[in-house]
Every structure is written in C-alpha cells, then in structure tokens.
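# Structural characterization, general
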Amino acid sequence: MGYDIERFVGYVNEGLLCSICRDVLEDPLQAPCEHAFCTACIHGWLVHHSSCPEDRQMIDVSLLRPLYRYMKNDLNRLQLHCKNREYGCEMICSLESIDRHERECEYSQIRCSNAGCTVQIERRNLDGHLAVCEYRSRECPNGCGYTILSAEDTQHNCVAELRTELELLRSEMICRVEEAKHEMESRLDSQRRHMVQKESILQNEIEELKSQMSRMMSDVRSLMAAERQHRQELEQAELEKRELMELLKGLQKDCRLTTTEGSRKSTNFRPLTRLESVKRKPREVTVI
C-alpha cells in the first residue's frame, strides 16, 4: 500500500500514483510498459494475474525494475504531514526523510516496556508512565537484591529467593567445574598422545644414531688397521733402505780399495769387485 494522498501538501503528479491502490508510490517498481506500482501492490496483483492492470500487457516479477531516477527524485521531494498529526505532531517534511522522523517522533504511540503492561502511550510521555506503572520492576527494599514487581510485594520471601539464587549459582558452578574438568582431561590426553608420539620419534632417531655410530666405529677400526699395516710397510721399507745404504757404502769403499791396488798390479789383471761377486754369486748358485 502507498502513502495516503491526503497527507501530502500541494499537487501530486498523476505519474507518482500507484496504478493499483491509487495512493502515492511506496517503495516503487516499474513495468516494461512504464506503469509504476507500489512493491506490495504489484506483488499481490501478480499472484492472481499475469498482465499489467493498466494496459493488460503481459508482465512478470522478473521484468520489474526500479523507478526512473527523475521520477524517484520528484517522489522524494514531495512534502507530507507526519502520520502522528492526529496526536498533535505538526511536522511537515519530504517523503525522503519522513521514515526517519516518524521513528523518532515524540507523538508516536509506543507500548510500555514493562512485561505484562499493555498500555500504548506517546513517546514523550513514556518516562512519566514508567515511573508509576504497576508492572514496573524494582529491587527488594530488604536488601536481598531480588528484582520484584509491585504486585508481588506481599508474596516475596527474601530467604526463599536467596536459597533459590544459591541453588542456581551452585548448579552453575558445578557445570563450570565439570566443563573445566573435561577440558583439562581432553588437554592432558592430547598432550599424552603427543608425548608418546614424540617419544617414539626420538627412540627411532636414537636407534638410527646408534646404527650410524656402529658403522662409524667399524670404519674407524678399518682405518686404524690400514694405518698400522701402512706404518709396518713404511718401517720395513725404511729398514730395507738402511740396509741398501750400508751395502752401497761398502761397495763404494771396495771400489776405492780396488782402484788403489790396481795401480800396483798389471793392467791386464783386474780382480773381481765385491759388487761383481755379489752379482755373479746368484748366477754361480744357479749353475750349480
């Protein structure tokens, strides 16, 4: 439904009226044939019809579009009275801002906020009504802190209310303790599983390290055995070297002695040197 045309100040263009309710457009939509309607009106119409109410052209909800901008601007500039005019509000404002004003209007009829109270009262008088409303709530004057209604004053029992409150608090505390206990147990189980998994991983790593250490010790022993063998070979080579050096020194000495004696003897006679005897000795042994 649209806005009652009687609320508007001055002339309202015919094109800004709903083709169904004939009031000023509210939340308007436009058909392809350019006829405009209130959203609620056209949706209700299309439930039972499939044509435009003005020219009977076929239309569908999916074909409806927002109003042209210039028409929307003309609509928003229209001036109208507040709907609370009958209660004394004399505000006149544009259609664009009327909803905001009416939400805050001091003359709006609102319901009392106290539970059980059915009084409808103007917003400006609400505070005065709440102060004297028979359904208003207040704290117990005896100091128990319980919120009571005036109608319940004669039935209120501070001790019983405190006991009830205590039982509620106890039940709430038990629930919280149980929740905390379950949460703690869940965390402990999770940590225990994590520690077991971590322990298994560490054990596997230790076994792997032991295996690597064993292989390294075997390699070290092999290297040490090879080093000992190499050292023995070096010592043997050194021994053979000394023997050869001594043999070479002896041969050189024999050569010098032979040279000295040869000058005294005939040039046609040349005795065997020690080196030649050494060389020929194996041959003689072979011949034997």
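It should be emphasised that the depicted structure is a prediction, and the values quoted were computed from it without experimental measurement.

### Focus: the sheet that holds strand β2 (residues 36-38)
Note on sheets: strands pair through backbone hydrogen bonds, and any given pair is parallel or antiparallel. The antiparallel open sheet is built from three strands, whose spatial order is β2-β1-β3. In this open sheet, the two strands that pair with only one neighbour each are β2 and β3 (65-66). Two elements, strand β1 (residues 28-30) and β2, share three bridges in a ladder whose sense is antiparallel. Each residue of the ladder has a partner; that of Pro-28, found in β2, is Cys-38.

### Points about the confidence of the model for the chain
Caution applies to low-pLDDT parts of the model: their predicted coordinates are not meant to be read in detail. Mean pLDDT over the chain stands at 83; residues scoring 70 or higher make up 84%. At the low end of the mean pLDDT range in the chain sits helix α6 (residues 274-287), at 44; at the high end sits strand β4 (residues 79-81), at 94. Note that pLDDT drops below 50 for residues 266-288; the model gives that stretch eight contacts with residues more than four away or on any other chain.

### Details of helix α1 (residues 39-48)
Listing the buried residues of α1 in full gives Thr-39, Cys-41, Ile-42, Trp-45 and Leu-46. Within α1, the buried residues cover an arc of 160° as seen down the axis, which keeps them to one side. Along α1, the residues that are exposed and aim more than 90 degrees away from the buried face are Ala-40, Val-47 and His-48. Next to the buried residues of α1 lie β1 and β2.

### As for the packing of aromatic side chains
Using the criterion set out here, one finds two aromatic pairs in the structure. Considering the side-chain rings of Tyr-3 and Phe-8, the 6.5 Å spacing of their centres and the 80° angle between planes classify their relative orientation as edge-to-face. Taking the relative accessible area as the measure of exposure, Tyr-3 reaches 12% and is therefore buried. In this structure Phe-8 comes out as buried when scored by relative accessible area, which is 8%. Seen in terms of ring centroids, Tyr-68 and Tyr-70 are 6.0 Å apart; in terms of plane orientation they differ by 15°. Their pairing is stacked. Tyr-68 sits in the partly exposed class, given a relative accessible area of 36%. On the basis of relative accessible area, Tyr-70 is assigned to the exposed category, the value being 53%.

Reading the values: rules and limits
Residues numbered from 1 in each chain as written. Predicted model: local features only at pLDDT ≥ 70, side-chain atom pairs only at ≥ 80, totals over all residues. Heavy atoms only, no water. Pairing = 2+ DSSP bridges. Helix = DSSP H or I, 4+ residues; strand = E, 2+ residues; numbered from the N terminus. pLDDT = per-residue confidence, 0-100. Contact = heavy atoms within 4.5 Å. Buried < 20%, exposed > 50% of the residue type's maximum accessible area, 1.4 Å probe, protein only. Arc of directions from axis to C-beta. Phe/Tyr/Trp six-rings, centres within 6.5 Å; stacked < 30°, edge-to-face > 60°.

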